[in-house]
Every structure is written in structure tokens, then in C-alpha cells.
Amino acid sequence: MKEVVAVATVKRWSVEINIDEHSDERRTWAEARLHTNDATDLRGTGTAHRNPYDREMPEIGDELAVSRALADLAEKLPIASVADVEQLTLEHAGALSSTASAACQVESVR
């Protein structure tokens, strides 16, 4: 009897982070863009605003804006998954839809 060996497929996705600082406006903007091996085009954005009375610490604005961009991207990923399942099956995704909805509700509480 011949043994069947499963072969794992390793995929590599990456997230590109772009940061744009506007020191004159005391604002930092960030975009997190997911790169996959298919046509998926998901982007999250985030901003941070510095209080005019706070010391200028650009790294803090970068961290806040990037964390918000990544959170926005994370919120969009399960929604995209639901849309893909529904398009493929031509049916409502049910439990997946609830998961995506719960992810959105958690983000809106923050």
C-alpha cells in the first residue's frame, strides 16, 4: 500500500505601510495596504492628531496612525471574506456574516 503525503502550500502576504506627516496641521495619516497573490485590494487608513499643547513626538503620531490603519484593515478583511463566499456560493454567508458583523461592532466600540 502506497502512503499518501500531504503537501502544504505556503503563501506569503505582505502589508505595505505608508505614513504621511503634516507637521503644520499636527496630523499624521497612515495607509495599510494588503498585498496577496490574487486580485484582493484591501486598504485601511488611520490618522492621529497632536494636541497643540503637547510636545512634538512624531513617532507617537506614526504609531497611533499606523495602529488605526491596521485596525481598519483588520475590520475589512472578514467583510471581504464574506463577500467572496457569497459571490462564490450565491448564498448568504450566515455564520461568516455574523463574524464580520461582530468584528465591525468591536471596532465601533473602540
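Conventions used here
- Along each chain, residues carry numbers from 1 onward, in the same order as the chain's sequence is written.
- Local features in a predicted model are, by the rule used here, given only for residues with pLDDT of at least 70; side-chain atom pairs are given and counted only at 80 or more, and totals for whole chains, interfaces and linings are based on all residues.
- Side-chain figures throughout are based on the complete set of non-hydrogen atoms in the structure, without hydrogens or water.
- By definition, any uninterrupted DSSP run of H or I lasting at least four residues is a helix, any uninterrupted run of E lasting at least two residues is a strand, and each is numbered from the N terminus.
- Type-normalised accessible area, obtained with a 1.4 Å probe on protein chains alone, sets the label of each residue: buried when under 20%, exposed when over 50%, and partly exposed for intermediate values.
- What makes two residues a contact is simply this: any of their non-hydrogen atoms within 4.5 Å.
- Note on areas: these come from Shrake-Rupley sampling with a 1.4 Å probe, and a residue is covered only by the protein chains present in the view.
- By definition, two strands form a pair when at least two bridges between them are found by DSSP.
- Each axis is a line fitted through C-alpha atoms, taken for helices only over the stretch in contact, and angles between the N-to-C directions span 0 to 180 degrees.
- Nonpolar side chains (Val, Leu, Ile, Met, Phe, Trp, Tyr) within 5 Å and like charges within 9 Å form the patches, drawn only from residues with over 30% relative accessible area and no salt bridge.
- Take a side-chain nitrogen of Lys or Arg and a carboxyl oxygen of Asp or Glu: if they are within 4 Å of each other, that pair is a salt bridge.
- Using a grid of 1 Å spacing that covers the protein atoms alone, one calls a set of points a cavity when a 1.4 Å probe fits there but cannot get out, and a pocket when the set is open and has protein on both sides within 12 Å along at least five of seven lines; lining residues are those with an atom within 4 Å of a point.
- Grid points are joined across faces, edges and corners, and a volume is the space filled by probe spheres set on the points.
- Charged residues are taken to be Asp, Glu, Lys and Arg, nonpolar residues to be Ala, Val, Leu, Ile, Met, Phe, Trp, Tyr, Cys and Pro, and polar residues to be all remaining types, Gly included.

### Digging into the overall build of the protein
Counting its secondary structure elements, the protein contains 2 helices and 3 strands. Taken from the N to the C terminus, the helices and strands of the protein come in the order β-β-β-α-α. Relative to its full complement of 110 residues, the protein shows a buried share of 20%. By sequence separation, contacts in the protein at least 24 residues apart represent 40% of the contacts at least 6 residues apart. About 8,500 Å² of surface is accessible on the protein, with carbon and sulfur atoms providing 54% of the total.

### Let's talk about the sheet that holds strand β3 (residues 42-49)
The antiparallel open sheet is built from 3 strands, whose spatial order is β1-β2-β3. The open sheet has two edge strands, β1 (14-22) and β3, and neither has a second partner. Going across the sheet, the axis of each strand differs from the next one's by a mean of 15°, ignoring polarity. Across 9 bridges, β1 lies against strand β2 (residues 27-35) in antiparallel orientation. If you follow I19 over to β2, its bridge partner there is A30. Running at roughly 150° to β3, helix α1 (residues 58-89) makes contact with β1, β2 and β3 of the sheet.

### Some words on a nonpolar patch on the surface
Together, V15, I17, I19 and L70 line one region of the surface with nonpolar side chains, adding up to about 300 Å² of accessible area. By the secondary structure assignment, V15 is in strand β1.

### A closer look at the layout of surface pockets
In this structure, the largest pocket spans a volume of roughly 280 Å³. Surrounding the largest pocket, 17 residues form its lining, T28, R50, M57, P58 and G61 being those nearest its centre. Volume-wise, the second largest pocket comes out at about 200 Å³. The leading source of residues in the lining of the second largest pocket is α1, at 4 residues. Looking at the lining of the second largest pocket residue by residue, the class counts come to 4 nonpolar, 4 polar and 4 charged.

### Some details on the environment of S81
Among the structural elements, S81 can be located in helix α1. Looking at S81, the relative accessible area reads 34%, which means it is partly exposed. Separated by 12 residues in the primary sequence, S81 and A93 have C-alpha atoms spaced 9.4 Å apart.

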